[in-house]
Amino acid sequence: MSITAAMVKDLRERTGAGMMECKKALTETHGDMEAAIDLMRKSGALKAEKKSGRIAAEGRVVIKLSADQKQASLVEVNSETDFVAKDSNFVGFAESVAEAVLASGVTDAAALADVKLASGQTVEEARAALVAKIGENIQVRRAQLVEAGAGSISTYLHSNNKIGVAIVTTGSEAELGKDLAMHVAANNPAGLDESSVPAERVARERDIQLDIVMQTGKPREIAEKMLEGKMRKFLAELTLLGQAFVKDPSVTVAQLLKNKGAAVTSFVRFEAGEGIEKKQENFAEEVAAQARQAG
């Protein structure tokens, strides 16, 4: 029997389980919805997936370099608490996923679920088993593969294992590459240069700065010059090449590279939990609510 997207959607809505788990269960039960639910209950899949609605905003970043150092994989795996992010089982899982990305070249999170780890399990099988064992929602959020090409890859992983950087440079010494990777980790540039900054972000900032400039009451020609100056400063602070070098703020990264006869072709920066809205706990309100219920 053919398993349709509608059937997968229906099972997902009934169980709260992931799409891949639902499709797998329906395939094994030849489309029998109730049998698929029973199978998922028996396999423990539902136990794992029930936790999938909880916010996983902690975690760690893992970086792996190929033997010839021409490729690097970066992976972010999330957990609900920092405590679990330091658990040896969680660390081992994250490391194995990064190795699988490096070996397979697969970086799409959904497709990665079916990639086999060195253990023989798929990423999704290992993840579900870890969720059941640890008792927290765990998600492989994103992965990326960095290619050195004609250059060389330098990496930096911060001591908290939450910020990881891989940067590709040409004509640079290893020490400079490492310094630049640390700079990216610390300053979080939005892109390499002005052309890499999203147009909508530039437009939004221009609108804000235009409004500020117009409030000064300056003549239009002066206001326009003020606006251009503000935008140049904004883009310089936002881009890697325009930023002041973290180890020597007297020079920009672009000037540093020129002095060294080097160049940066690309970089990737992962920060665990970046952009995920974390649940804010208000323990005072929680206690008050419990007291009201008790009364």
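All residue numbers refer to position in the chain's written sequence, counted from 1. Selection of residues for local features in this predicted model requires a pLDDT of at least 70, selection of side-chain atom pairs for listing and counting requires 80 or more, and totals for whole chains, interfaces and linings are taken over all residues. Only hydrogens and water are removed before side-chain values are computed, so all heavy atoms of the structure are retained for them.

Enquirer: Sorry if this is basic, but what is going on with the environment of valine 131 here?
Expert: By the criteria applied, helices consist of DSSP H or I runs no shorter than four residues and strands consist of E runs no shorter than two, each listed in order from the N terminus. For valine 131, the location among the structural elements is in helix α8 (residues 123-134). Exposure is judged per residue with a 1.4 Å probe applied to protein chains only, and the accessible area is read against the type maximum: over 50% gives exposed, under 20% gives buried, and values in between give partly exposed. You can call valine 131 buried: its relative accessible area is 0%. Counting along the chain gives 41 residues from valine 131 to phenylalanine 90, while the straight-line C-alpha distance between them is 9.5 Å.

Enquirer: Please explain the sheet that holds strand β5 (residues 163-170) as it appears in this structure.
Expert: Backbone-to-backbone hydrogen bonds pair the strands of a sheet. The strands run either parallel or antiparallel. Taking strand neighbours across the sheet as the criterion, the 3 strands line up as β4-β5-β8 in an open arrangement whose pairing is antiparallel. Edge positions in the sheet fall to β4 (152-157) and β8 (263-271), since each of these pairs with one other strand and no more. On average, each strand axis in the sheet is inclined to that of its neighbour by 15 degrees, with strand direction left out of account. For β4 and β5, the ladder comprises 6 bridges, and the chain directions are antiparallel. Paired with tyrosine 156 across the bridge in β5 is valine 165. The strands touched by helix α9 (residues 174-187) are β4, β5 and β8; relative to β4, the strand with the most contacts, the crossing angle is about 45 degrees. Two strands form a pair only when DSSP identifies at least two bridges running between them. The axes used here are C-alpha line fits, helices contributing only the stretch in contact, and every angle between their N-to-C directions lies in the interval 0 to 180 degrees. Contacts: residue pairs with any heavy atoms within 4.5 Å of one another.

Enquirer: Help me out: how do you make sense of the nonpolar core in this one?
Expert: A general trend in soluble globular proteins is that nonpolar side chains are found buried together. To form a nonpolar core, buried Ala, Val, Leu, Ile, Met, Phe, Trp, Tyr and Cys residues must be joined to one another through side-chain atoms within 4.5 Å. Within the largest apolar cluster, 22 residues are counted, with the highest numbers of intra-cluster contacts made by Val75, Val77, Phe93, Val97, Leu112, Val123 and Val140. Going through the elements one at a time, β2 (71-79), α5 (82-85), α6 (88-104), α8 and β3 (139-147) are the ones with two or more residues in this core. The leading source of residues in this core is α6, at 7 residues. Those residues in contact with leucine 112 that lie beyond four places of it in its chain are Val97, Val101, Val106, Val123, Val140 and Ala143. Counting residues in hydrophobic clusters, the runner-up holds 19 residues, among them Val165, Val184, Ala185 and Val264.

Enquirer: Help me out: how do you make sense of the pairing of strand β7 (residues 248-252) in this one?
Expert: Two strands pair when backbone bridges link them, and strand β6 (residues 244-245) and β7 are joined in this way by 2 bridges, in the antiparallel orientation. Bridging across to β7, alanine 244 finds its partner in threonine 252. Taken together, β6 and the strand that follows it, β7, pair antiparallel across an intervening segment of 2 residues.

Enquirer: Could you clarify how one ought to interpret the pattern of salt bridges in this entry?
Expert: Side chains bearing opposite charge may pair, as long as their charged atoms lie close to each other. Salt bridge, as applied in this entry: a Lys or Arg side-chain nitrogen positioned within 4 Å of an Asp or Glu carboxyl oxygen. If you walk through the whole model with that rule in mind, you get 14 salt bridges. Arginine 141 is paired through a salt bridge with glutamate 76; the nearest N and O atoms lie 3.3 Å apart. Taken as a pair, arginine 141 in strand β3 and glutamate 76 in strand β2 lie far apart in primary sequence, 65 residues in all. Residue class for arginine 141 comes out partly exposed when judged on its relative accessible area of 31%. One salt bridge in this structure joins glutamate 124 and arginine 127, with 2.9 Å as the shortest N-O distance. Placement of the pair is glutamate 124 and arginine 127 together in helix α8, with a separation of 3 residues, close to one helical turn.

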